[in-house]
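# Analysis of the macromolecular model
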Amino acid sequence: MQPSNRYLPPAIVVIIMASCFGMASAAPKEHLKSTPQQVFDGMRQSFQANKAKGVHARYQWELSGPQGGQWWIDVNDGTYKMGKGKVPNPNVTFVAKDKDWVAVSNGQLGGTWAYLTGRLKIRGDQGLARKLGQIFP
């Protein structure tokens, strides 16, 4: 399946961000200055294999800024791999500045506001983007 270059409508972003980062607003203050790598390390701990059964999706993050870079997650029927760099043919791509992604992840910046102001761009399969929040709550 080829990734789409369409952006998600704001209503979908609200659902995605609420489900992806719902627990982030309760994050302890020491996590408020975390790095993108720490955000992804935290996602490893929240993986829900039962929610990933039957899911085949590649997620890509393209983060700019001093602590930016590229990260990916490849979900494959109840398992996942995660790493730095590019994944071939991502189904969903998140684009943001490093500090904005961390702020959204930690509940300091609302995902909807980030999307509406252009600080977060989400391209690709809307259904798979929503699923990410269930797989990594």
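This text follows the structure it describes.
Report follows, based on the coordinates.

This paragraph deals with the packing of aromatic side chains. Aromatic ring pairs are reported here in terms of the distance separating the ring centres and the angle at which the planes meet. Across all of its chains, the model carries 9 aromatic pairs by this definition. When the ring of Phe 47 is compared with that of Phe 136, the centres are 5.4 Å apart and the planes differ by 50°; the resulting orientation is tilted. Taken together, the residues span a long stretch of sequence, with Phe 47 in the loop between helix H2 (36-46) and strand E1 (56-64) and Phe 136 in the segment after helix H5 (126-135) at a distance of 89 residues. Pair check on accessibility: Phe 47 and Phe 136 agree, each one buried. On the basis of an interplanar angle of 40° and a centroid distance of 6.4 Å, the ring pair of Tyr 59 and Trp 61 is categorised as tilted. Neither residue differs from the other here; Tyr 59 and Trp 61 are each classed as buried.

All right, on to the sheet that holds E1 then. A sheet is described by the order of its strands in space; here 5 strands give the open sequence E3-E2-E1-E4-E5, paired in mixed fashion. If you trace the sheet from one side to the other, it starts and ends with strand E3 (79-84) and strand E5 (120-124), each paired once. In this sheet, adjacent strand axes meet at a mean angle of 15° when their direction is disregarded. Relative to E5, strand E4 (residues 92-97) is paired through 5 bridges, and the arrangement is antiparallel. Bridge assignment links Ala 96 to a residue of E5, and that residue is Leu 120.

Definitions and limits used
Residues numbered from 1 in each chain as written. Predicted model: local features only at pLDDT ≥ 70, side-chain atom pairs only at ≥ 80, totals over all residues. Heavy atoms only, no water. Phe/Tyr/Trp six-rings, centres within 6.5 Å; stacked < 30°, edge-to-face > 60°. Helix = DSSP H or I, 4+ residues; strand = E, 2+ residues; numbered from the N terminus. Buried < 20%, exposed > 50% of the residue type's maximum accessible area, 1.4 Å probe, protein only. Pairing = 2+ DSSP bridges. Axes fitted to C-alpha atoms, helices over the stretch in contact; angles between N-to-C directions.

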